[in-house]
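Here is how the chains run, residue by residue.
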Amino acid sequence: MVSGDPGFYSLLAALKDRFGPAKLKVIPGISSVQLAFARIGRFWQDALLLSMHGRRADDGALAFQPGKKLGFLTDGKHNPAFIAELLIKLGWPPATQCWLCENLSYDNENIAALTLEEGSKVSGFHHCVMVVSDE
Ligand SMILES: C[S@@+](CC[C@H](N)C(=O)[O-])C[C@H]1O[C@@H](n2cnc3c(N)ncnc32)[C@H](O)[C@@H]1O
């Protein structure tokens, strides 16, 4: 019914409130975030996973800290260029590495490895997971 994992910014929250967890059988899926980290060969156990899909993460979560790693769901408004520009404003070095992982698992999958400065100027990447890492 839904893409990725139903328990990660998906339908499960609404279904649980409507029917209660006991009435649900949840079939897990591979999240787009999990797939993005796999594609770029990075582990995600220490990453802060945030959604900017129809919402905006708060500045405290987005603020730069040495060694910090972020994984984002994005949308057309909060797209990678918007997020890259915001992170630079919040203190991330413009040379920080980021990856834009578009259309994961589809024939037109596209993964771009850029700096935040480069990312702030890209267009497109609408169906996209963004990973940012100070490594
Ligand atoms: C409502 S969220 C659903 C997330 C989903 N539950 C998951 O675990 O991946 C939709 C967002 O997930 C990301 N997304 C979902 N499928 C994707 C894919 N195949 N490739 C890249 N990003 C994807 C995009 O950021 C999209 O805007």
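Parameters at a glance
Residues numbered from 1 in each chain as written. Predicted model: local features only at pLDDT ≥ 70, side-chain atom pairs only at ≥ 80, totals over all residues. Helix = DSSP H or I, 4+ residues; strand = E, 2+ residues; numbered from the N terminus. Rg over C-alpha atoms; globule rule 2.2 N^0.38 Å. Buried ≥ 20, exposed ≤ 12 C-beta atoms within 10 Å, placed from the backbone. Contact = placed C-beta atoms within 7 Å. Near = placed C-beta within 6 Å. Nonpolar A, V, L, I, M, F, W, Y, C, P; charged D, E, K, R; others polar. Domains from an automatic or database assignment. Pairing = 2+ DSSP bridges. Axes fitted to C-alpha atoms, helices over the stretch in contact; angles between N-to-C directions.

A short note on the overall build of the protein chain
Stage number 1. A tally of helices and strands in the protein chain yields 5 helices and 5 strands.
Stage number 2. Computed over C-alpha atoms, the radius of gyration of the protein chain comes to 15 Å, within 12% of the 14 Å expected from 2.2 N^0.38 for 135 residues, which places it in the range of a compact globule.
Stage number 3. Considered along the principal axes of its C-alpha atoms, the protein chain spans approximately 50 × 35 × 25 Å.
Stage number 4. Looking at the protein chain as a whole, 27% of its 135 residues qualify as buried.
Stage number 5. Look at the contacts in the protein chain between residues 6 or more apart in sequence, and 58% of them connect residues 24 or more apart.

Topic: the site of the ligand
Stage number 1. Gly4, Ser10, Ser31, Ser32 and Leu104 are the nearest of the 21 residues found near the ligand.
Stage number 2. Contributions of two or more residues to the shell around the ligand are made by helix 2 (32–39), strand 3 (97–102) and strand 5 (128–133).
Stage number 3. Within the shell around the ligand, the residues separate by chemical class into 8 nonpolar, 10 polar and 3 charged.
Stage number 4. Summarising the domain contributions, the shell around the ligand has at least three residues from each of domain 1 (1–29) and domain 2 (31–133).

Overview of the sheet that holds strand 1 (residues 48–51)
Stage number 1. Read from one edge of the open sheet, 5 strands run 1-2-5-3-4, paired in mixed fashion. On the outer flanks of this sheet lie strand 1 and strand 4 (110–115), each paired with one strand and no other. Adjacent strand axes in the sheet meet at a mean angle of 15°, parallel and antiparallel pairs treated alike.
Stage number 2. Pairing between strand 2 (residues 69–73) and strand 5: 5 bridges, direction antiparallel. Across the sheet, residue Leu73 finds its bridge partner in strand 5, namely Val129.
Stage number 3. Taken strand by strand, helix 2 contacts strand 1, strand 2, strand 3, strand 4 and strand 5, and its axis lies near 55° from that of strand 5.
Stage number 4. On the sheet, helix 4 (residues 80–89) packs against strand 2, strand 3 and strand 5 and is oriented at approximately 20° with respect to strand 5.

Considerations on unusual backbone geometry
Stage number 1. Positioned with a positive phi, Tyr9 is a non-glycine residue whose angle comes to about 50°.
Stage number 2. Of note, Tyr9 is situated in the segment before helix 1 (12–19).
Stage number 3. A residue is classified by how many C-beta atoms lie within 10 Å of it, and Tyr9, with 19 of them, is partly exposed.
Stage number 4. Unusually for a residue other than glycine, Ser105 sits at a positive phi of about 80°.
Stage number 5. When you line up the elements, Ser105 lands in the loop between strand 3 and strand 4.
Stage number 6. Look at Ser105 and you get exposed, because 11 C-beta atoms sit within 10 Å.

A word on the domain arrangement of the protein chain
Stage number 1. Domain parsing of the protein chain yields domain 1 (1–29) and domain 2 (31–133).
Stage number 2. Each of domain 1 and domain 2 has a C-alpha centre, and the two are 25 Å apart.
Stage number 3. Listed per partner, the contact involves 5 residues of domain 1 and 6 residues of domain 2.
Stage number 4. Residues belonging to the side of domain 1 that touches domain 2 are distributed by class as follows: 2 nonpolar, 2 polar and 1 charged.

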